[in-house]
Amino acid sequence: SFIQKIVARVEDAPEDGEGAWRELICMVTDYAVCDRHPWAEQALARWRQAPLEYATAVGASGQRLIAYVVPQQVRPRLEHARELLLLHLDAAASGLVELQGRAVGVDQEKTQKIWRSLYGIVNDAVMRIHFAADIDPKLRQRREYPLDDVTRPRFFRDALPVLEKVLSFGKQPDTGMLLAPTAHHFMQLLNAVVRYDPSLVLRLAAEVVSCSKRFQYNLDSQAIGETVKLVESVLADHRAEAQDDESVRNLLSLLDAFVEVGWPEALNLVWRLDEVYR
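Residues numbered from 1 in each chain as written. Predicted model: local features only at pLDDT ≥ 70, side-chain atom pairs only at ≥ 80, totals over all residues. Heavy atoms only, no water.

Caption draft 1: The overall build of the chain, seen in detail. Per the secondary structure count, the chain includes 12 helices and zero strands. The secondary structure elements of the chain, listed N-terminal to C-terminal, are α-α-α-α-α-α-α-α-α-α-α-α. Within the chain, the proportion of its 278 residues that are buried is 49%. For the chain, the exposed surface amounts to about 13600 Å²; the carbon and sulfur share of it is 50%. (Helix = DSSP H or I, 4+ residues; strand = E, 2+ residues; numbered from the N terminus. Buried < 20%, exposed > 50% of the residue type's maximum accessible area, 1.4 Å probe, protein only. Areas by Shrake-Rupley, 256 points an atom, 1.4 Å probe, with all protein chains shown as cover.)

Caption draft 2: A look at the packing of aromatic side chains. Enumeration according to the criterion identifies one aromatic pair in this entry. Consider the rings of Trp115 and Tyr119, whose centres lie 5.3 Å apart with planes at 10 degrees: the pair is stacked. Taken together, the positions of Trp115 and Tyr119, both in helix H6 (residues 108-132) and four residues apart, correspond to about one turn of that helix. (Phe/Tyr/Trp six-rings, centres within 6.5 Å; stacked < 30°, edge-to-face > 60°.)

Caption draft 3: Representation of unusual backbone geometry. For Arg36, which is not a glycine, the phi torsion comes out positive at approximately 50 degrees. Along the chain, Arg36 falls in the loop between helix H2 (18-35) and helix H3 (38-49). A positive phi angle, near 65 degrees, is found at Gln216, a position not held by glycine. Following the sequence through the fold, Gln216 ends up in the loop between helix H9 (198-212) and helix H10 (221-237).

Caption draft 4: How the structure looks around helix H4 (residues 55-66). For H4, built from 12 residues, the straight-helix expectation of 16 Å at 1.5 Å per residue is met to within 8% by its first-to-last C-alpha distance of 16 Å. Burial analysis of H4 places 10 of its 12 residues in the buried class, which makes it a mostly covered element. Of all the positions in H4, only Ala55, Thr56, Ala57, Val58, Gly59, Ala60, Ser61, Gly62, Leu65 and Ile66 are classed as buried. (Expected span 1.5 Å × (residues − 1).)

Caption draft 5: Inspection of the pattern of salt bridges at higher detail. This structure, assessed with the given rule, holds 12 salt bridges. When the shortest N-O distance is used, the salt bridge between Lys165 and Asp90 registers 3.2 Å. Pair noted here: Lys165 is in helix H7 (residues 151-170) and Asp90 is in helix H5 (residues 75-100), with a separation of 75 residues, a long-range link. Given the relative accessible area of 37%, Asp90 is considered partly exposed. Between Glu207 and Arg203 there is a salt bridge, with the nearest N and O atoms lying 3.4 Å from each other. (Salt bridge = Lys/Arg side-chain N within 4 Å of Asp/Glu carboxyl O.)

Caption draft 6: Structural detail: the nonpolar core. Grouped together as the largest cluster of nonpolar side chains are 86 residues, with contacts concentrated most on Trp47, Met187 and Leu190. Sequence-distant contacts of Leu190, defined by excluding residues within four places in its chain, comprise Phe156, Val201, Leu204, Ala205, Val208 and Leu230. (Core = buried A, V, L, I, M, F, W, Y, C linked by side-chain atoms within 4.5 Å. Contact = heavy atoms within 4.5 Å.)

Caption draft 7: Region of interest: the side chain of Asp124. Structurally, the position occupied by Asp124 is in helix H6. One buried charge, Asp124, has no salt-bridge partner; the nearest side chain with opposite charge is Arg128, at 4.7 Å. In contact with Asp124, not counting residues within four places along its chain, are Gln63, Ile66 and Ile129. (Lys, Arg positive; Asp, Glu negative; His and termini not counted.)

Caption draft 8: Fine view of the packing of H3 against H5. Relative to each other, H3 and H5 sit at 20 degrees, their axes nearing to 9 Å. The angle between H3 and H5 falls in the class roughly parallel. In the packing of H3 onto H5, the handedness of the crossing is left-handed. Two secondary-structure elements touch here, H3 through Glu41, Leu44 and Arg48 and H5 through His80, Leu84, Leu87, His88 and Ala91. Residues belonging to the contact of H3 with H5 are distributed by class as follows: four nonpolar, two polar and two charged. (Axes fitted to C-alpha atoms, helices over the stretch in contact; angles between N-to-C directions. Parallel < 35°, antiparallel > 145°, perpendicular 65-115°, else oblique. Left-handed = near helix turned anticlockwise from the far one by under 90°. Nonpolar A, V, L, I, M, F, W, Y, C, P; charged D, E, K, R; others polar.)

Caption draft 9: Quick peek at helix H12 (residues 264-277). Taking 1.5 Å per residue, 14 residues should reach 20 Å; H12 reaches 20 Å between its end C-alpha atoms and fits that length. For H12, the elements touching its buried residues are H10 and helix H11 (245-259).

Caption draft 10: Focus on the packing of H11 against H12. Taken N-terminus to C-terminus, the directions of H11 and H12 make an angle of 155 degrees; their axes are 8 Å apart at the nearest point. Relative to H12, H11 is oriented roughly antiparallel. Seen from above, H11 lies across H12 with left-handed handedness. Between H11 and H12, the contacting residues are Val248, Leu251, Leu252, Leu255, Phe258 and Val259 on the first element and Ala266, Leu267, Leu269, Val270, Leu273 and Tyr277 on the second.

In structure tokens form, the structure reads like this:
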């Protein structure tokens, strides 16, 4: 069949042939999402089983899947693309862990290319969800489907499994990875949706900062800015929803990451917490 020929072309194509080769990857991914074509889904599964061998295919198809996780997408396609994307994120995490175990000096250029393809799925998932949430007026282009306080929290809930999957990889003690740029997009998104579920957002924010500390996100002035903004919003507008023990622990955990590297803004907020929750 035609789809089988496409899959064969994709797997036989040299990965350096970026343009046409990526178009084929996108075509296979579209067949998997829109038509649920067995051959296309089998191709995606085959690439996921060997993420280092098929790193560029996993990366390109993962980015295509992310493009379906948008507010205006029809629900069956969004849900199926999200299901496939979660599997791709697992495969990317597995590949990145295996890559970290490789001996130093083993074809570093190829290793870097594989790393960029696989981590690119993790980063792009967070970044594009952030942009799709239609948060920052300065980033807002003319769009047919602007979001409001009904559609934005609904989209956040739709995207939440993807965000949780990213954090599940970042939380791995020795091999987890959440780089500072990814963490920053995550925190910007959380600041925009905190009013919809303050307790959930506090838990996610504490995990984002915990995961990204080893990559020095807590040393970044932009990071403390987003964190102060989030905590002040909770204290000013959502204190009643953040009275439970878990929320208080998450607030302290979030701030402690910045206190321990000497940010006075974080220490001031810790003192405020003591006054508020005494």
